[in-house]
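Residue-level listing of the chains:
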There are 2 protein chains.
Amino acid sequence: MKFTIQRDNLVQSIQDVMKAVSSRTTIPILTGIKMIANEEGVTLTGSDSDISIESYIPVEEEDQQIVDVQQSGGVVLQAKFFSEIVKKLPLDTVEIEVMGQYQTVIRSGKAEFNLNGLDPAEYPHLPTIEEENVFKVPTDLLKTLIRQTVFAVSTSETRPILTGVNWKVEHDELNCIATDSHRLAMRKAKIELGSDASYNVVIPGKSLNELSKILDDNNELVEIVITENQVLFKAKHLLFFSRLLEGNYPDTSRLIPTEKKTELELVTKDFLQAIDRASLLAREGRNNVVKLSTLEAGTIEVSSNSPEIGKVVEEIQSGKVEGEELKISFSAKYMMDALKVLEGPEISVQFTGAMRPFVIRPVNDDTILQLILPVRTY
Amino acid sequence: MKFTIQRDNLVQSIQDVMKAVSSRTTIPILTGIKMIANEEGVTLTGSDSDISIESYIPVEEEDQQIVDVQQSGGVVLQAKFFSEIVKKLPLDTVEIEVMGQYQTVIRSGKAEFNLNGLDPAEYPHLPTIEEENVFKVPTDLLKTLIRQTVFAVSTSETRPILTGVNWKVEHDELNCIATDSHRLAMRKAKIELGSDASYNVVIPGKSLNELSKILDDNNELVEIVITENQVLFKAKHLLFFSRLLEGNYPDTSRLIPTEKKTELELVTKDFLQAIDRASLLAREGRNNVVKLSTLEAGTIEVSSNSPEIGKVVEEIQSGKVEGEELKISFSAKYMMDALKVLEGPEISVQFTGAMRPFVIRPVNDDTILQLILPVRTY
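Residues numbered from 1 in each chain as written. Chains lettered and ligands numbered in written order. Predicted model: local features only at pLDDT ≥ 70, side-chain atom pairs only at ≥ 80, totals over all residues. Heavy atoms only, no water.

Per an unreviewed UniProt entry, chain A is named Beta sliding clamp, and its organism is Bacillus coahuilensis p1.1.43. A UniProt comment under Subcellular location (unreviewed entry) is attached to chain A, and it reads "Cytoplasm". (UniProt positions renumbered as here; feature names shortened; annotations may be inferred.)

Student: Requested: an account of the pattern of salt bridges, with residues and values cited.
Tutor: All told, the structure shown has 38 salt bridges over all chains when counted by the stated rule. In this structure, Lys260(B) engages Glu263(B) in a salt bridge whose closest nitrogen and oxygen atoms are separated by 2.9 Å. Residues participating in the shared-partner salt-bridge network are Lys260(A), Glu263(A), Glu265(A), Lys320(A) and Glu322(A). (Salt bridge = Lys/Arg side-chain N within 4 Å of Asp/Glu carboxyl O.)

Student: A description of the UniProt feature "domain: DNA polymerase III beta sliding clamp central" (unreviewed entry) in chain A should follow, citing residues and the corresponding values.
Tutor: Within the UniProt annotation, "domain: DNA polymerase III beta sliding clamp central" (unreviewed entry) is assigned to residues 137–251 of chain A. In this annotation, residues 137–251 of chain A is assigned 18% helix and 42% strand; the end-to-end C-alpha distance for the span is 25 Å. (Helix = DSSP H or I, 4+ residues; strand = E, 2+ residues; numbered from the N terminus.)

Student: Explain the domain arrangement of chain A residue by residue, including any values.
Tutor: A common way to report how large an interface is uses the accessible area buried once the components associate. Residue and element names in this part refer to chain A. Taken domain by domain, chain A holds domain 1 (2–122), domain 2 (134–253) and domain 3 (256–372). Contacts between the two partners involve twelve residues from domain 1 and, on the opposite side, 13 residues from domain 2. Between domain 1 and domain 2, roughly 1200 Å² of surface is buried when both sides are summed, and carbon and sulfur atoms account for 52% of that area. Taken together, the links from domain 1 to domain 2 amount to three salt bridges. Asp48 is paired through a salt bridge with Lys206; the nearest N and O atoms lie 3.6 Å apart. Between the two partners, domain 1 and domain 2, sit five residue pairs in polar contact (both at pLDDT 80 or more). Residue contributions to the side of domain 1 that touches domain 2 peak at seven residues, all from strand S4 (residues 51–58). The class makeup of the residues in the side of domain 1 that touches domain 2 is four nonpolar, two polar and six charged. (Domains from an automatic or database assignment. Contact = heavy atoms within 4.5 Å. Buried area = accessible area lost by both parts, 1.4 Å probe. Polar contact = N/O pair within 3.5 Å; in protein donor to acceptor, adjacent residues only side chain to side chain. Nonpolar A, V, L, I, M, F, W, Y, C, P; charged D, E, K, R; others polar.)

Given below as structure tokens:
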């Protein structure tokens, strides 16, 4: 293998596939990046066997030559060293040449690195995915869907299925749900499926987080292919594979209350800041708990108390207070997580009593819903 | 105590004194910030008993009212909570009022915090310093002096005196020296002493680092007062006290070679980048060691070799190569540390043999010198 490449493109590509490379792997070759050059371009692959990422650098793009391949071939190079070296090379172009025994020379200006490489044939194969049913989602919508749900997955391995986000596809609608059993995040979106296929899968939260980091902010379409145990996201010059979690995701629909006894409308930003302040003194106390009480005349009170440190009380005007009086306690962290991902300047909070889960959603928007279980303090 | 204050000024002042507050102190009241208000303004104090910082907020500055003191008094508040609370208050002004038992109310808009405070009379007194001999250094020069020496102090407590920077003042010259016994940094500067006093003290590296962070980048004069066991830096509205290290600093003057057998002149930036690249593969090997060899025709070679990973070789043009041929090995980290603080586009490196300390300094500048001990590899 021998080629010359624009350094910026190589740096970007390495950075993308590095997202899948883990230094804590039991398969030594997976600490490396596989690089294959042929007459069409250079393909890099990184994998931790849960997530696999393939990045493709074409010979030409927009009439600009990016790669000049003098000899096809391939090698696997230690990801950590390869990425640091390429970042620090002196010139804008890099020459990479594989000699005997996968000894690899990386040359730029008067700097010359010799790295011990490995045989690319020993690198595990990526899953083969039959692209029967593909659906497409614009990149920015996909990133929003992930951001609005993935934070609510469980970080505990006691119920592994809850560490993933449940994606349900049916009737041209994608429904994403995450819960750690103390709170739940749900977001729906219309998609064009082009078939009557339906899916109900669970994608690891970690995979979605990494995918979100790699995708640029634009509205180009990402193709999504779901199989029995894998999901593939195809963006421009990029393939992102993730395994799916095995097992049945709990039926969350019955968790969501259908009635309401108290309803508040609040300015999202003001409410978020008040909770943030109240949480300053709650953090040290019982599990970061703040208290919300309805007062008279459309006012609500947010408060928190840590006997050793002090207490905080703040009043907020509510645009609308309907229904029963209420005193309720909940985790400030869960509330802030939920408020941060809700779009729209005003939110509606719907309670069905101090001990029942309550719902937060933007006013006039039923595509997104956040649910929080209160904490018993009274 | 009761006063109203501009939040930004209070935030800045808290941030400054927080630099001296440690959560790992054996004196509980030192986890707090002392705040005293009188008709002239508000004074905040933080201390970890090694470093003490006093920040003063005047009632008025540049015809703008900053503080409105309704009642003099004082309190000590938990630094961590006080700083987080003030940062997150909703309005630009803050009202602070101390009630009975040092219960302190912090009010801004509709948010009201009650913090348990302590009696300021129980807060340790700052050292009293007789301001007999004061010398003045512009802030930006002081920060440069610190930056160019403090990185070379020892991080090991086996010889505590080496964790400080040796400041010697004599004949209108300040000489700052730091060494960890593997490398040495020295920087001299002319100062106006206004007396024939002379000093030879050792200031903890940590104190100088914190001082440097607090000082703004400007050329206002900082007053420096040195006593037997304390040093005081006085900047605008700010007092910074540090204890001095006890013991005699080693005589470093005989470490610095007076002759040279090989001399190179190099472009600082190119040399730094080449060392940085060579260190990528050295990091994993013996103690981050790179090798430098003189070649023919004014060329030098920087190289490094880690048998398991690979090797790197780079040639650099030297503006001047005089004297004997040389092969020498040294720590890439020490060399990069030294090159990063040397000002000037070109440096001169002067060797007296492969096993002797060598000197790096800017071409045509003898106010700064960096010295590195080589590593035996041949």
